[in-house]
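What follows is each chain in one-letter form.
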Amino acid sequence: MKKIVLSGIQPSGTLHIGNYFGAMKQYLELQDECESFIFIANYHAMTSIKDKNLLRNNTIDVALNYLAIGLDTEKVTLFKQSDIPEVCELTWILSTITPMGLLERCHSYKDKIANGMSPDHGLFAYPVLMASDILIYKSDIVPVGKDQKQHVEVTRDIAIKFNNTFGEILKVPDIRLNEDTAVVPGIDGRKMSKSYDNHITMFDDEKTIKNKIMSIVTDSTPLEKPKDPEKCNVFALYKLLATKDEISKMRENYLKGGYGYGHAKKELLNKFFEFFEKPRKKYNELKNNLDYVELILKKGAEKARTEAVKTMQEVRKAVGI
Ligand code: ADP
Ligand code: TRP
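Residues numbered from 1 in each chain as written. Chains lettered and ligands numbered in written order. Predicted model: local features only at pLDDT ≥ 70, side-chain atom pairs only at ≥ 80, totals over all residues. Heavy atoms only, no water.

Undergrad: What is the right way to look at the pattern of salt bridges in this model?
TA: Pairing between side chains of opposite charge can happen when their charged atoms approach one another. Applying the stated criterion across every chain yields a total of 20 salt bridges. A salt bridge links Asp-174 to Arg-156; the nearest nitrogen and oxygen atoms lie 3.1 Å apart. Residue Asp-174 is located in strand β5 (residues 174-176), and its partner Arg-156 is located in helix α8 (residues 149-166); the two are separated by 18 residues in the primary sequence. For Asp-174, a relative accessible area of 44% gives the class partly exposed. (Salt bridge = Lys/Arg side-chain N within 4 Å of Asp/Glu carboxyl O. Helix = DSSP H or I, 4+ residues; strand = E, 2+ residues; numbered from the N terminus. Buried < 20%, exposed > 50% of the residue type's maximum accessible area, 1.4 Å probe, protein only.)

Right under this line is the structure:
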């Protein structure tokens, strides 16, 4: 039997190449060999977005991103989290066995509060909703970036506690991280994130992308001097996009000197457009075909819901409701 893969991304803003290399690329790698459920976590995004039009537009935009990068809906079930109301029911049931301490330890919650978000219940309970997303489809593998690792560990703990309390119903999932792209740096060298505004998106217009790439922070080594590629953000991003030979060529250029950061940025820019040429074309086509995108999401929701309902029947019986 094929393994079940599940993952989602919050529609809390434009997706970027950190999301692509940290999470989305893994969906592409797994779609042939596994049964994949990929969704748009719009309930989760409500912890940061309180504007209905923004939430709606962002939700569709994540769907466009998923389809444009090459998710094949013949193989992947693509849907919106909010089309599966059972997930909220399971969240409540899981909440009743989730120790407070488990949630209090979550870095993501602490970081968000430290960054000025209001400490409301939704933000605190966020990992329980995420556990519910994962467990309701009996997922085997959860491909995510490194910052979501702890949430998958919380999910495992919740599943084990549920099974110990009510019987072996839920599957304990495994995380999948792409170690070499677990944290993609942003243009200022910190983790790429929309909340730091240091991100490069896949689908912005050419001028915006050029401005972003040209403003990647580098040190002040003069053009003629040799440079250390391993300490450079431009090289770190080039490594994600280029072939092995192209990477060694750029490494040599850095080491031999006479090669400036401006040259490297131009090469990165060209590589970027080459790498994302097809997805960018597809994104623009899909933008003019939103009815098709809605239809895909509707079909995906029907399939996902069938699975969710099955699990909920077992869960309800096990807990006595
Ligand atoms: P952001 O930090 O921009 O708000 P999200 O938290 O919505 O991004 O992340 C969505 C997915 O993309 C998660 O699986 C996350 O681990 C992954 N991801 C986000 N940023 C990066 C990054 N810079 N490097 C690697 N993976 C990332
Ligand atoms: N919390 C994840 C993020 O911020 C999104 C998410 C919600 C998710 N539910 C999930 C990821 C279930 C994997 C599995 O990116």
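Undergrad: How do you make sense of the site of ligand 2 when you look at a structure like this?
TA: Close contacts around ligand 2 come from 14 residues, with Gln-10, His-44, Tyr-126, Asp-133 and Gln-148 the closest. Taking Gln-148, its side chain carries an N or O atom lying 3.0 Å from a nitrogen atom of ligand 2. Protein burial of ligand 2: of its 360 Å² of free accessible surface, 92% is covered by the chains. When atoms are counted within 2 Å of each cavity's grid points, the one that captures over half of ligand 2 is the largest pocket. Of all the elements in the fold, those that place two or more residues in the shell around ligand 2 are β1 (4-9) and α7 (121-135). Counting residues per element, the shell around ligand 2 draws most heavily on α7, which supplies 4 residues. (Near = heavy atom within 4 Å. Polar contact = N/O pair within 3.5 Å; in protein donor to acceptor, adjacent residues only side chain to side chain. Areas by Shrake-Rupley, 256 points an atom, 1.4 Å probe, with all protein chains shown as cover. 1 Å grid on protein atoms, 1.4 Å probe; cavity = no way out; pocket = protein on both sides within 12 Å on 5 of 7 lines; lining within 4 Å. Sits in = over half its atoms within 2 Å of the grid points.)

Undergrad: Please explain the pairing of strand β3 (residues 76-80) as it appears in this structure.
TA: Every regular strand shows the same layout, with side chains that alternate between the two sheet faces. The element β3 is largely enclosed, with a buried count of 4 among its 5 residues. As paired elements, strand β2 (residues 35-40) and β3 share 5 bridges and run parallel to each other. Each bridged residue has a counterpart across the sheet, and for Ile-38 the counterpart in β3 is Leu-78. (Pairing = 2+ DSSP bridges.)

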